[in-house]
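Residue-level structural notes
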Amino acid sequence: MKPENPFVALLSLLVGLLFLSPVLYSIWMSFQTADDFYAGRVTFTLDNYERAIGQFNFARYLINSLIVSGLVTVLGITVATLAAFAFARFRFPGGDLMFGATVATLMIPSHISLIPNYLTLAKAGLLDTYAGLILPAISNGFACFFLRQYMRGIPKALDEAAYMDGATHLQVLWRIIVPLSRPAISSMALYIFIAEWNNYIWPLVAVGKQDLYTLQIGLARLYRINPGEGLIDWPLVMAASTITILPVLLGFLAVERHLVRGITMGAVK
Amino acid sequence: MLRKLTPYFFVAPLMIFIAVFTYVPILTSLNLSVRQWNFLTPDMPFVGLHNYEELFASAEFWNSLKVTVLFAVLSVPLRLGAALFIASRLIRETLSSRLLRGAFFLPSVTSTVSIAVVFSWVFATDYGMVNAILHLVGLGRPQWLQDPYLALWVLIIVNTWRQLGYDIVIYIAGLQAIPQELYDAAAVDGGQRFHVFRRVTLPLVMPTTYFLLIIAVIEAFQVFTIVNVMTRGGPAGATDMLVNLLYEIGFELFDIGRGSALAVILFVLLVGLALLKSRIIGSKVHYEA
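Residues numbered from 1 in each chain as written. Chains lettered and ligands numbered in written order. Predicted model: local features only at pLDDT ≥ 70, side-chain atom pairs only at ≥ 80, totals over all residues. Heavy atoms only, no water.

A short note on a nonpolar patch on the surface
- Taken together, the side chains of F7, V8, L11 and V15 of chain A define a hydrophobic patch exposed on the protein surface, amounting to about 360 Å² of accessible area.
- Tracing the backbone shows V8 of chain A in helix α1 (residues 6–29). (Patch = residues over 30% accessible without salt bridge, like charges linked within 9 Å, V, L, I, M, F, W, Y side chains within 5 Å. Areas by Shrake-Rupley, 256 points an atom, 1.4 Å probe, with all protein chains shown as cover. Salt bridge = Lys/Arg side-chain N within 4 Å of Asp/Glu carboxyl O. Helix = DSSP H or I, 4+ residues; strand = E, 2+ residues; numbered from the N terminus.)

Considerations on the UniProt feature "domain: ABC transmembrane type-1" (unreviewed entry) in chain B
- The sites that carry the UniProt feature "domain: ABC transmembrane type-1" (unreviewed entry) are, in the present numbering, residues 61–277 of chain B.
- With 77% helix and 0% strand, residues 61–277 of chain B has its two end C-alpha atoms placed 26 Å apart. (UniProt positions renumbered as here; feature names shortened; annotations may be inferred.)

Concerning the interface of chain B and chain A
- With 82 residues of chain B at the interface, the matching set in chain A holds 85 residues.
- Each partner contributes to the roughly 7,500 Å² buried at the junction of chain B and chain A, and carbon and sulfur atoms together form 79% of this total.
- In terms of surface lost to chain A, no three residues of chain B exceed F10, F21 and W121 of chain B, which account for 10% of the buried area on that side.
- Joining chain B to chain A, the criterion identifies 0 salt bridges. (Contact = heavy atoms within 4.5 Å. Buried area = accessible area lost by both parts, 1.4 Å probe.)

Notes on the packing of aromatic side chains
- Under the criterion given, the structure shown has 35 aromatic pairs over all chains.
- Ring plane angle 75° and centroid distance 5.4 Å describe the contact between F56 of chain B and F61 of chain B, whose orientation is recorded as edge-to-face.
- By relative accessible area, F56 of chain B is classed as partly exposed at 41%.
- Exposure remark for F61 of chain B: the relative accessible area of 3% places this residue in the buried category.
- In this structure an aromatic cluster arises from ring pairing among Y118 and Y200 of chain A together with W37, F39, F224, Y247, F251 and F254 of chain B.
- In this structure, R148 of chain A is placed above the aromatic ring of F99 of chain A, and the distance from its NZ or CZ to the ring centre is 4.1 Å. (Phe/Tyr/Trp six-rings, centres within 6.5 Å; stacked < 30°, edge-to-face > 60°. Buried < 20%, exposed > 50% of the residue type's maximum accessible area, 1.4 Å probe, protein only. Lys NZ or Arg CZ within 6 Å of the ring centre and 35° of its normal.)

Some remarks on the UniProt feature "transmembrane region" (unreviewed entry) in chain B
Residue and element names in this part refer to chain B.
- Here, UniProt's "transmembrane region" (unreviewed entry) annotation points to residues 7–26, 69–91, 103–124, 144–161, 202–224 and 256–276.
- Note that residues 7–26 is 100% helix and 0% strand, and that its end C-alpha atoms are spaced 27 Å apart.
- The span residues 202–224 carries 78% helix and 0% strand; its end-to-end C-alpha distance comes to 32 Å.

Here's what the structure looks like:
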């Protein structure tokens, strides 16, 4: 990394803070009482978090979001990895067609399946269940495509050596391909997790029971209860918003570089 | 025999999920779009192209299309212009440019609902951040989200704020792929900064620009969350973008036929755009260094 002008560095810091100021200020606001916020006084309180978590059920929403995003990630990665392995290593009748169909899903907007998926799950009695939230999100064409490209870069000699020693396909996948694809798998896992964590329209239509709200739905409802009825309790809303942002934010800061690299690879290659 | 079947076992789970939740729904939507149904009645009579005709005859569809196109036309140059400007300042691998890239990228991974809620406060008429600043410098207090002219702009700003980081990352990759020799040659010829930008940088990032342009247009046609949280399509339909209309028709009015017809129209539009995009990627995104 090159040394740099301290003035430029300071200016960059300011620009970054200014850009993020709405979110930074919302986090700051979440530690103020409503009265103090409206009066323009500065205080510190955890009261908004206590109310969001206790009275407004955000602990439950947080758990729901973790369950749904976690399961979608694990299942989605598993399914994508299995298929990617077959597409990367086997030539079989219909293989190219199926791979094409997988990649083509990237072009298909999700709204076309909104009403049909709602009907499918209603028929299966899975609306208002975790399964209903999770099942439609499991297939991920991009993850499969990305992993397949990555796996093709792994020398085939490694598989062949293992097959000589009598390994099964699953063993080769699990012992050789998966460990060597770790960077690709983890960046895809993160990508799926974030996308699912922030998913809004599907939980909005698939869930009516409050006990199954994800954070996104809970936050939108909490904000929507208020408008029209006098002053909004902004500090409370911002505490809920901070709870919604924080887990992904921390995860992102931990692995930012991998994710950005993954995105560039997917877009310009 | 079994050995020949092996690859099919590996792809089967993904294929089943894709079939059930992506491909069959396209056919289901097509089928529902020529029927009349509201979730409740036992049968769904075939009505031909009636739902499409009804949509094309309704003011709300044309309003929605207009608003969506307006959103795209206004937000795309804003996004790309800002992103290219910022990216050209952040191509060097210094600590501060890395951190700034991170800062700009952060909103892309942040919950859209949170962003919508936070910006509802930023643009709130009373106690909002923007109006507090305007008040400080002696300007008025516009009712941003209640004003039919301003509300769409607010959504455009929020969407730009969220997507900018992605555009910047892609532009940086595009800019870094431009061979240094070209800049050196331009410098030897005594090119002015603006000239070099116009004659060297701009043409050479054109493929990246096309790519981002189409992505941005595709995204504009799919905007929903910020509309649903911030304006509900209002005031007076001023922000009633296409997916919001689809949600209203399908899940508030339960007019499944008309909702499906709208979904099919959107599908055709978006797949067309996506095909255009893949042609561009196929042709050449990068100039090899």
